[in-house]
Amino acid sequence: MSTSEERILVLDFGSQYAQLIARRVRELNVFAQILPCNAPIDQIKEIDPHGIILSGGPANVYAVDAPRCASEVFELGIPIFGICYGTQLMCEVMGGKVQKAESREFGHAAITAVEKNEIFADLPDELDVWMSHGDQIDSLPAGFKTLAKTSTCPHAAIACDEKKMYGVQFHPEVAHTPRGKDMLKNFLYKVVGARGEWQMSDFIEETIQAVRAKVGDANVVLGLSGGVDSSVVAVLLNKAIGKQLHCIFVDNGVLRKGEFDRVVKGYQEKFHLNLIPVQAGERFLTKLAGVTDPEKKRKIIGHEFIEIFEEEAKKIPNAKFLAQGTLYPDVIESVSAHGGPTAVIKSHHNVGGLPEKLGFELVEPLRMLFKDEVREMGAALGMPETLIWRHPFPGPGLAVRIVSDITPERVRVLQDADDIVMQEIHASGFYRKVWQAFAVLLPVTSVGVMGDERTYENTVALRVVESLDGMTADWAHLPYELLGRISNRIINEVRGVNRVVYDISSKPPSTIEWE
């Protein structure tokens, strides 16, 4: 719980973006807390929120088993802001009608203001928004009015000023709604009357105190990957519990080229952490041999990580806790977060790969944060920018970028190709401009000609995306010269590759990683 007195409650109806809503609120310096939509009304009253945001969700509000919140939520007399499904539910509960739309809206849409109020204050009459719905409001409840419409959605935004209830059919929390954050700001400051007292420094101090209270005098084992997430966890926990923290860095055989030596040297020299390096590449590759299913790869790697942690922890007196750099995108794509009806997308090694009988209690101080918030925390902790802005790298490493079974030769090919991608992205100045850049080794061989000889070799896919949070992403429009240079180098310098392709799909519908 935040030390800030003002807070916004987000009720999660199964949206993939519930935490993104909370993050947008926190960006506006107001603390946000998420509860499942079916949270008891007494719990909601105990939190005493200054405002409530109802998230979107995949269900139909008129379905028998549709997720709902306590009806008393709408009787609390505090401002409510509905998003997509949340708006439809508010409309139905208050006496309106929702039905299937004759024309569904998915993706970009343009709304036109019908009537202005606080939510649309200082915004133009025409706005680009991001839609994702197959149902829409057919008739408004008594006392409600239409604020905006699209060519196919007559009630794209609604309001009841008397009850301080507002709703939008689109998603203001995503980057694809350019002025969406301004709408949320208007709700927070013009309707709720927020003062904006919450800061990342508050979260850091609260987390440190919570970790100290949970851990006591026990030792903590941290799986250090060298990435942003585990590095921030290491620095944060080092600040909280000092020498009680024992960082284990495991070479799983599918790290980037030269990464094991770089990480060991860097953390011992720069951060002076208790670092235990473990070279276990052969062990992992043996377990992964012949496995092509990405979920099995993730679970095998997750299981082996935990096995190694347990083995190493036995050498550490009073080791009772396992710390992880789990982020919220890992959680909401792996399990139903907050007890709500969120759909499962894929498992992550920090979540789905954990054995049921774990020998440690978990410490996951970043579990409620998105990547850019983790970077903000790293900066507040005084960490260098070169580490804070390191691109995301999957826990299972290159194993999920080899779209086939894992062999030492395929690992070698992808490591060499990936190394070239990193060199060129850095040299071109695009590293800080894009969210993520990497190579994928495809299970595709094709005919080529090298030195007047016919070849039949591998294909590498180049994936470079732009994003703010990893929840949505679009492919980066890199200069042709840069793409050509990367392709030419990979084909000429990486033995076993004769073709390079560029992935130009967005998320959604694709994911950033191929597996």
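Residues numbered from 1 in each chain as written. Predicted model: local features only at pLDDT ≥ 70, side-chain atom pairs only at ≥ 80, totals over all residues. Heavy atoms only, no water.

Section: the environment of Arg401
Quick note on the threshold: In DSSP terms, a helix is any run of H or I states spanning at least four residues, a strand is any run of E spanning at least two, and both are numbered starting from the N terminus. For this analysis, residues touch if any pair of their heavy atoms sits within 4.5 Å. Any pair of nitrogen or oxygen atoms within 3.5 Å is treated as a polar contact; in protein, a donor-acceptor pairing is required on top of that, and neighbouring residues in sequence qualify only through side-chain atoms on both sides.
By the element assignment, Arg401 lies in the loop between α12 (385-388) and α13 (408-427). The spatial distance from the C-alpha of Arg401 to the C-alpha of Glu126 is 42 Å, given a sequence separation of 275 residues. For Arg401, the residues in contact, after removing those within four places along its chain, are Arg256, Pro392, Phe393, Pro394, Leu414, Asp418, Gln436, Phe438, Ala439, Val440, Leu441 and Glu513. Only 2.7 Å separates the side chain of Arg401 from the side chain of Glu513, close enough to count as a polar contact.

As for the nonpolar core
Applicable threshold: Put simply, a nonpolar core is a bunch of buried Ala, Val, Leu, Ile, Met, Phe, Trp, Tyr and Cys residues held in one set by side-chain atoms that sit within 4.5 Å of each other. Only protein chains enter the accessibility calculation, which uses a 1.4 Å probe; a residue is then buried when its area is under 20% of its type maximum, exposed when over 50%, and partly exposed in between.
Val250, Val421, Ile425 and Ile490 are the most contacted members of the largest nonpolar core, which has 50 residues in total. The residues touching Val421, leaving out its near neighbours within four places in the chain, are Ala437, Phe438, Ala439, Leu462, Ile486 and Ile490. Membership of the second largest hydrophobic core comes to 43 residues, among which are Trp198, Val228, Leu369 and Leu381.

Details of the sheet that holds strand β8 (residues 157-160)
Rule in force here: When DSSP finds at least two bridges between two strands, those strands are taken to pair. Each axis is a line fitted through C-alpha atoms, and for a helix only the stretch in contact is used; angles between axes span 0 to 180 degrees, taken between their N-to-C directions.
One open sheet holds the nine strands; their spatial order is β2-β1-β3-β4-β9-β8-β7-β5-β6, and the pairing between them is mixed. This sheet does not close on itself; its edge strands, each paired only once, are β2 (31-36) and β6 (126-139). Strand-to-strand twist in this sheet, taken as the mean axis angle between neighbours without regard to direction, amounts to 20°. The sheet strands contacting helix α1 (residues 18-27) are β1 (7-12), β2, β3 (51-54) and β4 (80-83), and the helix crosses β2 at an angle near 160°. Sheet strands touched by helix α4 (residues 180-192): β1, β3, β4, β6 and β9 (165-168). Its angle to β3, the strand with the most contacts, is close to 150°.

Here we look at the confidence of the model for the chain
To be explicit about the condition: What pLDDT conveys is the predictor's confidence in a given residue, as a value from 0 to 100.
Taken over all residues, the pLDDT of the chain has a mean of 88, while the share at 70 or more is 92%. Predicted confidence for residues 334-349 stays below pLDDT 50, and this span has 60 contacts to residues more than four positions away or in other chains. Ignoring residues within four places in sequence, the model shows residues 351-356, a span with pLDDT below 50, making 16 contacts including any to other chains.

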